[in-house]
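# Residue-level structural notes
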Amino acid sequence: MHLPILFDLLGVFSAAASGALTGIRKGLDLVGILVLGAATGLGGGAVRDVLIGAHPPAFLVDWRYLTTATLAALGVVVVEYRLAAVGPLLRERVRLSTAYLTVDSLTLGFFAVSGTGKALRYGLAPVPAALMGVLTAVGGGVIRDMLVAEVPTVLRREFYAIPAALGSVLVAAVDRYTTALTPLAFAAAGLTAALRMVAARRGWHARLSRPPRAEEPR
Amino acid sequence: MHLPILFDLLGVFSAAASGALTGIRKGLDLVGILVLGAATGLGGGAVRDVLIGAHPPAFLVDWRYLTTATLAALGVVVVEYRLAAVGPLLRERVRLSTAYLTVDSLTLGFFAVSGTGKALRYGLAPVPAALMGVLTAVGGGVIRDMLVAEVPTVLRREFYAIPAALGSVLVAAVDRYTTALTPLAFAAAGLTAALRMVAARRGWHARLSRPPRAEEPR
Amino acid sequence: MHLPILFDLLGVFSAAASGALTGIRKGLDLVGILVLGAATGLGGGAVRDVLIGAHPPAFLVDWRYLTTATLAALGVVVVEYRLAAVGPLLRERVRLSTAYLTVDSLTLGFFAVSGTGKALRYGLAPVPAALMGVLTAVGGGVIRDMLVAEVPTVLRREFYAIPAALGSVLVAAVDRYTTALTPLAFAAAGLTAALRMVAARRGWHARLSRPPRAEEPR
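Residues numbered from 1 in each chain as written. Chains lettered and ligands numbered in written order. Predicted model: local features only at pLDDT ≥ 70, side-chain atom pairs only at ≥ 80, totals over all residues. Heavy atoms only, no water.

As named in an unreviewed UniProt entry, chain A is TRIC cation channel family protein, taken from Actinocrinis puniceicyclus. Under the heading Subcellular location (unreviewed entry), UniProt records this for chain A: "Cell membrane". (UniProt positions renumbered as here; feature names shortened; annotations may be inferred.)

## Considering the relation of the copies chain B and chain C
Between the two copies of this chain, the relationship is a rotation about some axis together with a displacement along it. Superposition record for chain B on chain C: RMSD 0.0 Å, screw rotation 120 degrees, translation along axis 0.0 Å. Such values leave the two copies arranged in the relation of a three-fold axis. Among all residues of chain B, the minimum C-alpha distance to the rotation axis is found for B:Ala149, at 3.6 Å. Comparing interface residues between copies, only 16% of those in chain B also sit at the interface in chain C, which points to a heterologous contact through distinct surfaces. (Least-squares fit on C-alpha atoms with pLDDT ≥ 70 in both. Contact = heavy atoms within 4.5 Å.)

## Considering the interface of chain A and chain C
If you look at the interface, chain A gives 41 residues, while chain C gives 32 residues. Roughly 3,300 Å² of surface becomes buried between chain A and chain C when both sides are summed, with 63% attributable to carbon and sulfur atoms. Connecting chain A to chain C are 0 salt bridges. Where chain A touches chain C, the interface holds 1 residue pair in polar contact (both at pLDDT 80 or more). Here the side of chain A that touches chain C takes 8 residues from helix H2 (residues 30-52) of chain A, the largest share from any one element. Residue composition of the side of chain A that touches chain C, grouped by class: 24 nonpolar, 5 polar and 12 charged. (Buried area = accessible area lost by both parts, 1.4 Å probe. Salt bridge = Lys/Arg side-chain N within 4 Å of Asp/Glu carboxyl O. Polar contact = N/O pair within 3.5 Å; in protein donor to acceptor, adjacent residues only side chain to side chain. Helix = DSSP H or I, 4+ residues; strand = E, 2+ residues; numbered from the N terminus. Nonpolar A, V, L, I, M, F, W, Y, C, P; charged D, E, K, R; others polar.)

## A look at the confidence of the model for chain A
A residue-level look at chain A finds 85% of positions with pLDDT of 70 or above and a mean pLDDT of 87. Within the model, pLDDT remains below 50 along residues 208-213 of chain A, and this stretch shows 19 contacts once partners closer than five positions in the same chain are excluded. (pLDDT = per-residue confidence, 0-100.)

## With respect to the relation of the copies chain A and chain C
For the pair chain A and chain C, the relating rotation is 120 degrees, the translation along its axis is 0.0 Å, and the fit reaches an RMSD of 0.0 Å. Interface overlap between copies is the fraction of interface residues in one copy that are interface residues in the other; for chain A against chain C it is only 15%, indicating separate surfaces.

## Let's talk about the interface of chain B and chain C
If you look at the interface, chain B gives 31 residues, while chain C gives 41 residues. Roughly 3,300 Å² is buried in total at the junction of chain B and chain C, and carbon and sulfur atoms are behind 62% of that figure. Counting every contact that joins chain B to chain C gives 0 salt bridges. Summed over the shared surface of chain B and chain C, the number is 1 residue pair in polar contact (both at pLDDT 80 or more). Secondary-structure elements contributing two or more residues to the side of chain B that touches chain C are helix H2 (30-52), helix H7 (126-147), helix H8 (153-156) and helix H9 (158-174) of chain B. With 6 residues, the single largest contributor to the side of chain B that touches chain C is H7(B). Of the residues assigned to the side of chain B that touches chain C, the class counts are 19 nonpolar, 3 polar and 9 charged.

## Looking at H7(B)
All names here are of chain B. Compared with an ideal rise of 1.5 Å per residue, which puts 22 residues at 32 Å, H7 spans 31 Å between its outermost C-alpha atoms and is within 8% of the ideal. Along its length, H7 shows its largest kink, about 35 degrees, at Val-138. The positive-phi residue at the C-terminal boundary of H7 is Ala-149, with phi of around 60 degrees. (Expected span 1.5 Å × (residues − 1). Bend = angle between axes of the 7 residues up to and from the residue.)

## Notes on the side chain of C:Thr136
Residue and element names in this part refer to chain C. In this structure, Thr-136 sits in helix H7 (residues 126-147). Only 2.7 Å separates the side chain of Thr-136 from the backbone oxygen of Met-132, close enough to count as a polar contact. For Thr-136, the contacting residues outside a window of four places in its chain are Gly-44, Gly-45, Arg-48, Phe-111 and Gly-115.

## Focus on the environment of A:Leu120
Residue and element names in this part refer to chain A. Mapped onto the secondary structure, Leu-120 falls in helix H6 (residues 96-121). In sequence terms Leu-120 and Asp-175 are 55 residues apart; their C-alpha atoms lie 8.5 Å from each other. The contact partners of Leu-120, leaving out residues within four places of it in the chain, are Ala-125, Pro-126, Ala-129, Val-171, Ala-172 and Asp-175.

## Some thoughts on the packing of aromatic side chains
Residues and elements named next belong to chain A. Under the definition given, this model contains 6 aromatic pairs over all chains. Between Phe-7 and Phe-110, the ring centres sit 6.2 Å apart and the planes meet at 65 degrees, which makes this aromatic pair edge-to-face. Placement of the pair is Phe-7 in helix H1 (residues 5-25) and Phe-110 in helix H6, with a sequence separation of 103 residues. Accessibility expressed as a relative area gives 0% for Phe-7, which makes it buried. (Phe/Tyr/Trp six-rings, centres within 6.5 Å; stacked < 30°, edge-to-face > 60°. Buried < 20%, exposed > 50% of the residue type's maximum accessible area, 1.4 Å probe, protein only.)

## Some remarks on the pattern of salt bridges
All names here are of chain A. Using the criterion set out here, one finds 27 salt bridges over all chains in the structure. For the salt bridge of Asp-49 with Arg-48, the shortest nitrogen-to-oxygen distance reads 2.9 Å. The pair formed by Asp-49 and Arg-48 is uniform in burial state, with each residue classed as buried. Note that Asp-62 is salt-bridged to Arg-64, the shortest N-O span being 2.8 Å. Its relative accessible area of 13% is what places Asp-62 among the buried residues. For Arg-64, a relative accessible area of 33% corresponds to the partly exposed category. A cluster of three or more residues bridged by salt bridges with shared partners is formed by Asp-8, Arg-48, Asp-49 and Lys-118.

Structural data, given as structure tokens:
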């Protein structure tokens, strides 16, 4: 697959938006929101690029990465302010949590595709390539959640790593048989995002049925 | 020293088990437990490989790494369920904290040896090689603890970095004089693990005698 | 600009001191303080070196890095003990928070200069080079704060990323026109540190005027 850089930038955009929304939820100031947005948008891809040996990482050599991340974070801030100006009623209807869930799900889909595709292009075998897809997809969110001292979503929700793995495996599997992957890539990204959203809305989970045992580690 | 990859895989196994046990203690769901196990098992080695310039990191080119980490995490989950089925009595006797302490100590020993050995093989001088040994040994655990929003053990217990440093320095020092290191490597790993376990059991520490001063950073 | 390694080592020194002071504030034991000091002192530069492709990172090939970080952390511990011995009165006057603010501000200045300079030397364009300057400057502190489970300063204070960006952009901009940069580098570092200190002392901020909306992420 010739990696559609489009997917990577779409992932950066939605990831940066999710970071900025988290910053707003946490009451960060403007710079904090922008920094958290940039770190979330660029973090997952940076880890992927370092691991697969793409030096220097894309966000350092392609100006569109930083620009996309900054614009996404700024866009979120502007929308938030306008909503606040319009009044609490409308603001309540355009719920922060729905916006967050949407961009976070899209991030998962876009990055699963772009991460797997780039890893394949750098010569990785299908299984590690799919692993890099998952890592790219969840990486930015993990950085985001760790920065605000929360346990990352990937550890708290089962249907987070699972959709990412599904989309990544799909791309890695089909890559062998065709080079015209763009429609399939969109399908894989959409499937991943949809699965994550539906699971979150319906509250799907398979939590271990016993309560946690709280023993202090040594 | 021709690095015995065996040590690296043993480290991955015990580290992944410690990650899975932490996931159970924290009440994570199945996917969360597997993800935390894989991140703990593969994280320390990945950081080491990136720093010493081993591209791509071992866990991306050698399928045994991911397999070992997954099997270890799954094994922990299965044992936990069987213990739960047998009954609370037996389950109390096979204490989670003892299992955790054991695999965490073994991780320290195995990774101190394999981390130092691999760094030497990549041309690092003895002192930085030993530093990489320590980093490999404590790295996975740091990632594990940060993911569940806890202060890492290496910061909370003195006899954590010290045993890892001891084992690493031992390997780095002896490496000059012999090429048949396997017995010595086992001794270094065992010494490291034993020192950490005994220190934890006996409560060795050298905490600063004053209470912390709680001043807010600016 | 031929990177004055001096700036990198000055950054390591002040960053390690800030890490050690954080360790004391958090009541860590001696090993924890040293580990936190080393991680803070060496972390930002290690991330930079990995991203710009400087293999292996400076702290692994140049013994002065680890030595500087260790000496800084040990120095902080010794001074703290002496102050404690002299008595609570003097100890109160030499406030921990002032010392922390000072070394943390100096870190920002030194690393903004050395990070930008090294990135330029490795062929990055001015904008990504300045981005690497900011990342180097705030990186160690982010690692430090995440290790002790706090939200990093860069997210909580606006005049943290801003001074770092200012110093970095200054170095990146002027680098084109001159090769004798040492005085300018000192000016940029001093400006960065001073701006951060004054902003912290005066309580400058531009916090969003609304309280945070506490909605749980899915």
